[in-house]
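# Chain and residue survey
As a plain string of letters, each chain reads:
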Amino acid sequence: MIQTFSRLAAVAVLAIAAQAHVAHSGSDKTHNHGTDDIYRGYFDDAQIKERTLADWQGDWQSVYPHLRDGALDPVMAHKAEHGDKTAEQYRAYYETGYQTDVDRIVIQGDSVTFDRGDAQAQATYASDGYEILTYKKGNRGVRYIYRKAAGDAEAPQYIQFSDHHIAPESVGHYHLYWGEDRAEVLAELTNWPTYFPSGMTGEEIAADMLAH
């Protein structure tokens, strides 16, 4: 099984959004939420919409190798300048968060292919709804869940996307969790392998992260 496809519930991320805090744009009574509020996890249930795999189409690479080879060091240094940890502590945090040996994911239509070195596992997936997660700081995130319809036994039964969006939109990166048990995967909050387009260099990924 890829990543032993045990429950290293690979990709999402909402733990990143959970660290952020932003004031509501508008009064608590009107609940006017802008794009920045949604990105940071402040939104109303009525704003959440169903999404299809079209939002995550493409050829994606794990950022984990770039963390390990030092390409993301500027990101860790920037976080240290504005956060409550040293660059080394942030690096350790993201070492846990990004860790995965699934180095590439290709999504075409309803087909998802997972690459682990020279090994591949492929399956088709159908929507299994979404779940709202509430974090300790009061902000929230949405996991979009897909269940395997057919394909290789090595492909996970469930995949769950998290990307800070709550309605249909093509994305520039995402976090993906996966495993055999829906509830168990949903409970994963510390390991959120993150994927960017395969054509990007480590330096380009770092620049994109710094821009956010």
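All of these numbers come straight from a predicted model, not from anything done at the bench. (Residues numbered from 1 in each chain as written. Predicted model: local features only at pLDDT ≥ 70, side-chain atom pairs only at ≥ 80, totals over all residues. Heavy atoms only, no water.)

## Considering the overall build of the protein chain
Worth spelling out the cut-off: Only DSSP runs of H or I with at least four residues qualify as helices, and only runs of E with at least two residues qualify as strands; both kinds are numbered from the N terminus onward. Burial here depends on accessible area, computed with a 1.4 Å probe over protein chains only, as a share of the maximum for the residue type. Under 20% is buried, over 50% is exposed, and the range in between is partly exposed. A contact between two residues is defined here by any heavy atoms of the two lying within 4.5 Å. In short, Shrake-Rupley with a 1.4 Å probe defines the accessible areas, and a residue's cover is counted only from the protein chains shown.
In terms of regular secondary structure, the protein chain is built from seven helices and eight strands. Classification of the 212 residues of the protein chain by burial places 44% in the buried group. For the protein chain, long-range pairs separated by at least 24 residues make up 62% of all intrachain contacts whose partners lie at least 6 apart in sequence. Surface exposure of the protein chain reaches about 9900 Å², of which carbon and sulfur atoms provide 50%.

## So, the packing of helix α4 (residues 73-82) against helix α5 (residues 87-98)
Each packed pair of helices is defined by two parameters, the angle between the axes and the distance between the axes. Selection criterion: Note on definitions: angles span 0 to 180 degrees between N-to-C directions of axes, and those axes are lines fitted to C-alpha atoms, for helices only across the stretch in contact. Oblique is the label for any angle not covered by the other classes, which are roughly parallel (under 35 degrees), roughly antiparallel (over 145) and roughly perpendicular (65 to 115). If you view the pair so one helix is near and one far, a crossing is left-handed when the near helix is turned anticlockwise from the far one by less than a right angle, and right-handed when it is turned clockwise. Residues are sorted three ways: Asp, Glu, Lys and Arg are charged, Ala, Val, Leu, Ile, Met, Phe, Trp, Tyr, Cys and Pro are nonpolar, and all the rest, Gly among them, are polar.
It is at 8 Å that the axes of α4 and α5 come closest, and there the two elements cross at 120°. The angle between α4 and α5 places the two elements in the oblique class. In terms of crossing hand, the pair formed by α4 and α5 is right-handed. Counting all contacts with α4, which are made through Asp73, Met76, Ala77, Lys79 and Ala80, the residues of α5 involved are Ala87, Tyr90, Arg91 and Tyr94. Residues belonging to the contact of α4 with α5 are distributed by class as follows: six nonpolar, no polar and three charged.

## Considerations on the sheet that holds strand β6 (residues 158-162)
Quick note on the threshold: By the convention used here, strands pair only if DSSP detects at least 2 bridges between them.
Here eight strands make up a closed barrel; going around it, the order is β1-β2-β3-β4-β5-β6-β7-β8 and the pairing antiparallel. Between one strand axis and the next, the sheet turns through 35° on average, direction left out of account. Where strand β1 (residues 58-62) lies against strand β8 (residues 194-197), three bridges are found, and the strand directions are antiparallel. When the sheet's bridge partners are listed, Gln61 is paired in β8 with Phe196.

By themselves, these observations are geometric and do not establish any function.
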